[in-house]
Amino acid sequence: MPLTMPAPDAETLARRTQIIAAMCSIVPGEGVIDHADELLPFESDALTAYRQVPLLVVLPERTEQVSAVLRWCNDNKVKVVPRGAGTSLSGGALPLQDGILLGLSRMSRILEIDYDNRVAVVQPGVTNLAVSQAVSARGFYYAPDPSSQIACTIGGNVAENSGGVHCLKYGMTAHNVLGLTMVLMSGEIVRLGGKFLDAPGYDLLGVVIGSEGLLGIVTEVILKLLPKPESAQAILLGFATVDSAAKCVAEVIAHGIIPAGMEMMDQPAIHAAEDFLAVGYPRDVAALLIIEVDGPRAECRHLIDVIAGIAARNSATTSRASENEGERLQFWAGRKAAFPAIGRISPDYYCIDGTIPRRRLPEMLARMTQMSRRYGLRVANVFHAGDGNLHPLILYDANEPGQLERAEEFGADILRTCVAMGGVLTGEHGVGVEKRDLMGEMFNDVDLAHQERLKCAFDPAMLLNPGKVFPTLHRCAELGRMHVHRGAVAFADIPRF
C-alpha cells in the first residue's frame, strides 16, 4: 500500500533544495540521488506492501561523511532513515517523504582481517557471505548465516540482530560482534567494544545491536571469526506428523546434543522447495527436519547415529544422512531457497517472524491451520526449529481486493498467538513498521516508555528512523518526567535524560 502525501508546497520545495545543496557539499559526485525516477528503487525494503519515495538518498563512503550528514540534519531538524541492502522484512528501512534515506551500500570494504585476534573489521555495506568468502582460504568463517546472506549486509545484520540456520549453536549477530563504530544523530563518533571478548561498564554494544537504526548509524563492525570445523554432516528426516517431528527436536536437545543447525519445513514448503530445486526432499511427509552437526569426523558420525536413533523412536518415515559435502549442501539448498520457491507458487507472500517455546510447535501449527481456513489464505512454514523461531509464509494476491489486508490480519493473529504461548514478536527480522502496532501485546505503557527514554538518550530530537518500533512516539521532554507509581505511568519532577 503506497503511502500517499499531498503535493509539496513552495516552502517545502525550497527546503528540499537547501537540503540537496548541503548534502552535495558533504558527499560530492554521485553520492546524492534526487531525481524522481532514480528514487523509486529505494521506496521500500523487502516488506514491499509499504512504499514511500524518500525526499532524497545520500550514499556516503566514509564515517566522517556520515558524521557530517547527521550533524547537519540534527542542526536543521531533518529526519534520517538508514538503509543497508534493503532486505529487511519488517519495513525497518521504509523511507519518509520529508526525510533523507542514508544508504550505506557504498561503505562496502573489508578494512582489516586480523587472524592473530580472529577478527575482521568491516564496513556496514559488506555482505554477510563476503566475510566468510574472504577468510575461507585460511580456514575461517563468520558464523551467522541468514538465508539472504548472499545479499544482506553486516550493517543490517547488526540493526536487526540477524541469525540464520546455524544460530542454535553459534548464536545471533550479538554473539559474534565484538565492537563497532557508530555515529550519533549529533554527529559524534563513538566506538564500543574492540578486539577483545569483554569490556567494563554498561553493555552499550548489546544495546545497539538489534536497535533497528533508532540509536545511531553503524559505520564499522568488528566481527568474530571462527575456525572451520573439521567436518560437518547433515541428516534429512521425514515424519508423518508435525507432532512427531517436534518431539524429535525436543528429544535431541534433551539428549544434550546442540546441533549446528536444526530446521523444520511443513508439507507446502517441502513441495515448493522440491519443485524449485529438486534436491531430493520426500514429498509424502507432513514435516521435514534437517539437522546438522559439526566437529571432528568421528564425533559427527557418532552424533548422526544418535540422532537417527532418536528420530526412529519418534516414528521417522525417512532418514538419510549426507555422504559427502555436496550432498550436505544440497540438503540445505532447498531450505535456503524456501522463500523464492514460495514466490513461484503465489503472486505475493507475507513472511512472518515470531518465536515460541520449542515444545509448542505442534500446537502452533494446528492453530495456524485453523487461521488459514478462517482467513481463506494458504500458509507454508519454515522454522528454525532449534530455537523456536517461526517463519510462516502467508500466500496472497495483492491484485485481489482485500487479500493483503487479510494477510496482515492473519500475520497479526500469528504474532499474538506467539506472545500468548510465552514467545516473542520477533526472532530476527525486527519490529520496524510491521509489528509496531503489536508492541502493546508484549509490553505495557511503562515498558514502552522506558524503551523510548533510552532512544532519547541517543537521539533527543527523535530524528533518527522515526515512526519505527514504537506504537506512539512521545516527546523526550514528556518521557523524561515519567516514573512508575503503583503500577501505572505517572509524572513528577525528576531529572530527564
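Residues numbered from 1 in each chain as written. Predicted model: local features only at pLDDT ≥ 70, side-chain atom pairs only at ≥ 80, totals over all residues. Heavy atoms only, no water.

Draft legend 1. Region of the structure containing the nonpolar core. Counting 61 residues, the largest nonpolar core has Leu-237, Met-264, Leu-289, Ile-394 and Ile-414 as its most contacted members. Residues in contact with Leu-289, not counting those within four places in the same chain, are Ile-235, Leu-236, Leu-237, Phe-239, Ala-245, Cys-248, Val-249, Glu-263, Met-264 and Ala-385. (Core = buried A, V, L, I, M, F, W, Y, C linked by side-chain atoms within 4.5 Å. Buried < 20%, exposed > 50% of the residue type's maximum accessible area, 1.4 Å probe, protein only. Contact = heavy atoms within 4.5 Å.)

Draft legend 2. Spatial organisation of the pairing of strand 4 (residues 99–103). Most of strand 4 is tucked away, with five of its five residues classed as buried. In terms of strand pairing, strand 2 (residues 56–58) meets strand 4 through three bridges, oriented parallel. By the bridge assignment, Val-57 is partnered in strand 4 with Leu-101. (Helix = DSSP H or I, 4+ residues; strand = E, 2+ residues; numbered from the N terminus. Pairing = 2+ DSSP bridges.)

Draft legend 3. Region of interest: the sheet that holds strand 5 (residues 110–114). Strands sit in the order 5-6-10-8-9 across an open sheet of five strands; the sheet is antiparallel. Where the open sheet ends on each side, the last strands, each with one partner, are strand 5 and strand 9 (189–193). Averaged over all pairs of adjacent strands, the angle between strand axes in this sheet comes to 10°, irrespective of strand direction. Strand direction decides the pairing type here: strand 8 (residues 177–183) and strand 10 (residues 217–224), joined by six bridges, are antiparallel. Considered in strand 10, the bridge of Met-182 is made with Val-218. In the packing of helix 4 (residues 128–135) onto the sheet, contacts are made with strand 5, strand 6 (119–122) and strand 10, and the angle to strand 5 comes to roughly 45°. (Axes fitted to C-alpha atoms, helices over the stretch in contact; angles between N-to-C directions.)

Draft legend 4. Spotlight on the environment of Pro-362. Checked against the element boundaries, Pro-362 lands in helix 13 (residues 361–375). Residue classification places Pro-362 among the buried residues on the basis of a relative accessible area of 18%. For the pair formed by Pro-362 and Gly-31, sequence separation is 331 residues and the distance between their alpha carbons is 50 Å. Apart from residues lying up to four places away in sequence, Pro-362 is in contact with Val-242, Asp-243 and Ala-246.

Draft legend 5. Region of interest: the state of the cysteines. Enumeration over the complete set of coordinates arrives at one disulfide. Covalent S-S linkage joins Cys-456 and Cys-476, the inter-sulfur distance amounting to 2.1 Å. As the torsion about the S-S bond is roughly -95°, the Cys-456-Cys-476 disulfide counts as left-handed. In this pair, Cys-456 is assigned in helix 16 (residues 445–458) and Cys-476 in helix 17 (residues 476–479), connecting sequence segments 20 residues apart. In this pair, the class of Cys-456 matches that of Cys-476, namely buried. (Disulfide = S-S within 2.5 Å.)

Draft legend 6. Main features of the sheet that holds strand 2. As summarised here, the arrangement of the four strands in space is 1-2-4-3, forming an open sheet in which the pairing is mixed. A single partner strand is all that each edge strand has here, and the edge strands are strand 1 (32–33) and strand 3 (79–83). In this fold helix 1 (residues 10–26) packs onto strand 1, strand 2 and strand 4, with an angle of close to 15° to the strand it touches most, strand 2. Most of the contacts of helix 3 (residues 63–75) go to strand 4, to which it runs at about 170°, and overall it touches strand 2, strand 3 and strand 4.

Draft legend 7. Spotlight on the confidence of the model for the protein chain. Chain-level statistics for the protein chain give a pLDDT mean of 92 and a share of 95% at 70 or above. Here residues 482–497 is modelled with pLDDT under 50, and outside its nearest four sequence neighbours on either side it reaches 34 contacts, counting other chains as well. (pLDDT = per-residue confidence, 0-100.)

Draft legend 8. Examining helix 3 more closely. An ideal rise of 1.5 Å per residue puts 18 Å on 13 residues; helix 3 measures up with 18 Å between its terminal C-alpha atoms. Listing the buried residues of helix 3 in full gives Thr-63, Gln-65, Val-66, Ser-67, Val-69, Leu-70, Trp-72, Cys-73 and Asn-74. (Expected span 1.5 Å × (residues − 1).)

Draft legend 9. A look at the environment of Val-218. Tracing the chain through its elements places Val-218 in strand 10. As for Val-218 and Ile-154, which are separated by 64 residues in sequence, their C-alpha atoms are 9.6 Å apart. Sequence-distant contacts of Val-218, defined by excluding residues within four places in its chain, comprise Leu-104, Pro-124, Val-158, Leu-180, Thr-181, Met-182 and Val-208.

Draft legend 10. Summary view of the environment of Phe-331. Relative to the elements of secondary structure, Phe-331 occurs in helix 11 (residues 325–336). Exposure remark for Phe-331: the relative accessible area of 0% places this residue in the buried category. Along the primary structure Phe-331 and Ile-291 are separated by 40 residues, whereas in three dimensions their C-alpha atoms are 9.6 Å apart. Once residues lying within four places of it in the same chain are set aside, the contact partners of Phe-331 are Ala-234, Ile-235, Leu-236, Tyr-281, Ile-290, Arg-320, Ala-321 and Ser-322.

Draft legend 11. The packing of aromatic side chains, seen in detail. By the definition in use, this model includes four aromatic pairs. Relative to Tyr-170, the ring of Tyr-141 lies with its centre 6.3 Å away and its plane at 85°, an arrangement referred to as edge-to-face. With Tyr-141 in strand 7 (residues 140–141) and Tyr-170 in helix 6 (residues 167–170), the pair connects residues that are 29 residues apart, well separated along the chain. Of note, Arg-138 hangs over the ring of Tyr-115, and the distance from its end group to the ring centre comes to 4.0 Å. (Phe/Tyr/Trp six-rings, centres within 6.5 Å; stacked < 30°, edge-to-face > 60°. Lys NZ or Arg CZ within 6 Å of the ring centre and 35° of its normal.)

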